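Take a look at the letters that make up each chain.
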Amino acid sequence: MANDSVEILLVEDNPNDVELTLDALKENKLANRIEVVRDGAAALEFLFCTGAYANRDCSSQIKLILLDLKLPKVNGLEVLEQIRADPKTRTIPVVILTSSREERDIVQSYQLGINSYIVKPVDFEQFTTAVKHLGFYWLLLNQQPRG
Amino acid sequence: MQPSENLFKTLVEAVPGGIVAIKPDGTILLVNQQIETMFGYTRDELIGAPLETLLPERFRHRHVGMRAGYFADPKTRPMGIGRDLAARRKDGSEFPVEIGLSYAETPAGPVTLAFVTDITERKQAEAAVLSALAGEQIAHSQTAALQQRIAFLLEISSLLAESFDYRTRLEQFAQLVVSQIADWCVIHLVEGDGTVNQVAVAHRDSEAAIDTLQTSDLIHAVLQTGQTEFYPTLPDNNQNLGCSSLIIVPLITNERVVGALTLAITTSKHQFTQDDLDLAHEIARRAALRIENARLYQQAQRLNAELEQRVLERTAQLEVANRELEAFSYSISHDLRAPLRAIDGFSRILLRDYGAQLDNDGQRRLELVRSNAQQMGQLIDDLLAFSRLTRQSIEKQAVSPTALVYRALDEISSEHESRQVEFTIEDLPVCQADPALLKQVFVNLLTNALKFTRQCETAHINVGTCTIEGQTTYFVKDNGVGFDMRYIDKLFGVFQRLHAMEDYEGTGVGLAIVQRIIHRHGGRIWAEGAVGEGAAFYFTLQGEA
């Protein structure tokens, strides 16, 4: 695994949430190789090495996608759909990190094959704990198939 | 000869009937006393007179010939049928007689003896019998006619009962009427807007033209007055009306004239009788009822359709409102919580990274910023949970409330595991409820019970069941701080709190949620309590198993 390869893709449009998430990851020493994109279209370009990310090395697979649902241009569920439709990205763990507790969102997300659904708590303490757990689990414990 | 002549005379006079002896020339030889009485002649007036004196004049001529024939071939003829003749008294009146004839050769020459019986009484008795028989015959035919009328009425009734397409029925009705009692049958109806329409017409001869009837003025009069017009006899196929016998009966329901039934005779010699009029009234009454029923039915159908339309519109409006509410909740869920998260998050980072540069008061106030942000987050979450309850469908199934109570206690274990709490949980009967929602009821009620027993050295919380007014009633009781019954109205209101925020945290939504869940199950909830003496919450669920 090359040192410069990205391990986490954070798809989040709210700058506050980006900063807080990065802070939480940093606090848990997980923020080394993280790429932040601010909308669904950019997320797809990154994942499929097109557009702004045409020069990215697509052979290096990322380990985790943190995906918000409410996103500009292409929303989270659509991004998820395309990730699951393509064999190259199908096996990447996707954790939904969202404000929505709506049952509808949760059900649809699971139907599209997400790995976890985390409701961003208002309490930052809880948020940090959640980020710590999921980072620890998906990046360190979880065994993925070799690309 | 003297004694025998006397004997003969005595015998002749003793015979109960009349005897007339006739000589061959047709003159009367002798008569007895009975003949004198019967005919009103004296013996002297008759003896020597022609026999025909005793007959009505119209028979006399023919009788002379018959009498001569008899003398030519005399036979004794018994009295009997066929010999009934008319006789004539002296005063000219006639009476029926029966005649027996016999012939005898006497010293005075051949004599014909006629035995005459007055059969007036017998004839009268016979006539009485005949007239009785005739009466019976009439009664019989009247019965038959009555039966026919009843059958006709039944047919009319069953025809009218057939379906709610009453205009077709009225056509058939008219045809049936024509087949039974009239040449013409016409039905007019007054429509809802007051116009009059001819809705059915039938004639015995299908080729006949309705124009021959000129009855529209009379029909309108009947529709106006509600009075029957009855003309049993109109001379010579009355030119003005175009018929010889006419009945126009109003169709009346609820004291309102809804139409008219016209029956007319144009072709046959027959005329309408009082019986026909009665029958016409009877069938008109039935037709009117039928029309009224049909109109009520149509009205009911129209109202139904309108109601259905209105329900559809309302439902559509409600669906729109519901979608708006959903979008609103969704947006609250997403957008309102994000800034709170930022407020809390950055306050926390500030405390973590720059806490050393703040004095205690500064740190405390930053903590206040955080706790307020968290409180608001909780309010939003509770409010969303509450509004979701309205939209969420309830899925009732058989559930064990006891199991739900234990699961609820598991869920809130952090609130009681470090405390001294004695739970008494009775075996609760299985009921029909939405398990997730009923568990939420217990979570909220038990959270409350735990919260308000916090000051107790040992908290006692009792979950059980009792029967109130025949209904299974569940309760959750505690020995906590209780509440003042004066504020019972506010207990289940959204964001209503009966205690100071510093003493007991919470958003005031918990009991509102409990109440809504119970109401959506069709049950009811109430509470009892007193300050310092604990609280008890009771609820029922409809449709228990």
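Residues numbered from 1 in each chain as written. Chains lettered and ligands numbered in written order. Predicted model: local features only at pLDDT ≥ 70, side-chain atom pairs only at ≥ 80, totals over all residues. Heavy atoms only, no water.

A. The arrangement of the overall build of chain A in detail. Secondary structure summary: chain A contains five helices and five strands in total. When the elements of chain A are put in sequence order from the N terminus, they spell out β-α-β-α-β-α-β-α-β-α. Once local pairs closer than 6 in sequence are excluded, the contacts in chain A between residues at least 24 apart make up 63%. Total accessible area on chain A is roughly 7100 Å²; 50% of this is exposed by carbon and sulfur atoms. (Helix = DSSP H or I, 4+ residues; strand = E, 2+ residues; numbered from the N terminus. Contact = heavy atoms within 4.5 Å. Areas by Shrake-Rupley, 256 points an atom, 1.4 Å probe, with all protein chains shown as cover.)

B. Molecular detail of the pattern of salt bridges. Enumeration over the complete set of coordinates arrives at 32 salt bridges over all chains. A salt bridge links Asp17 of chain A to Arg341 of chain B, with the nearest nitrogen and oxygen atoms 2.6 Å apart. Residue Asp17 of chain A is found in helix 1 (residues 15-27), and its partner Arg341 of chain B is found in helix 8 (residues 274-354); the two belong to separate chains. In this structure, Asp17 of chain A and Arg341 of chain B share a single accessibility class: buried. Its salt-bridge partner being Arg204 of chain B, residue Asp183 of chain B comes within 2.9 Å of it at the nearest N-O pair. With Asp183 of chain B in the loop between helix 6 (166-180) and strand 6 (184-190) and Arg204 of chain B in the loop between strand 7 (196-203) and helix 7 (216-225), the pair connects residues that are 21 residues apart, well separated along the chain. Relative accessible area serves as the criterion here: at 0%, Asp183 of chain B is assigned to the buried category. Each member of the salt-bridge network shares a partner with another, and the members are Asp23, Glu27, Asp123 and Glu125 of chain A together with Asp344, Arg348, Arg352, Asp353 and Arg370 of chain B. (Salt bridge = Lys/Arg side-chain N within 4 Å of Asp/Glu carboxyl O. Buried < 20%, exposed > 50% of the residue type's maximum accessible area, 1.4 Å probe, protein only.)

C. The arrangement of the sheet that holds strand 5 (residues 116-119) of chain A in detail. Residues and elements named next belong to chain A. Reading across the sheet, the five strands line up as 2-1-3-4-5 and stay open at both edges, with parallel pairing between neighbours. What marks the edges here is a single partner per strand, and that holds for strand 2 (34-37) and strand 5. Each strand axis lies, on average, 20° off the axis of its neighbour in the sheet, ignoring direction. Note that strand 4 (residues 94-98) and strand 5 share four bridges and pair parallel. Opposite Leu97, over in strand 5, you have Ile118 as the bridge partner. (Pairing = 2+ DSSP bridges. Axes fitted to C-alpha atoms, helices over the stretch in contact; angles between N-to-C directions.)

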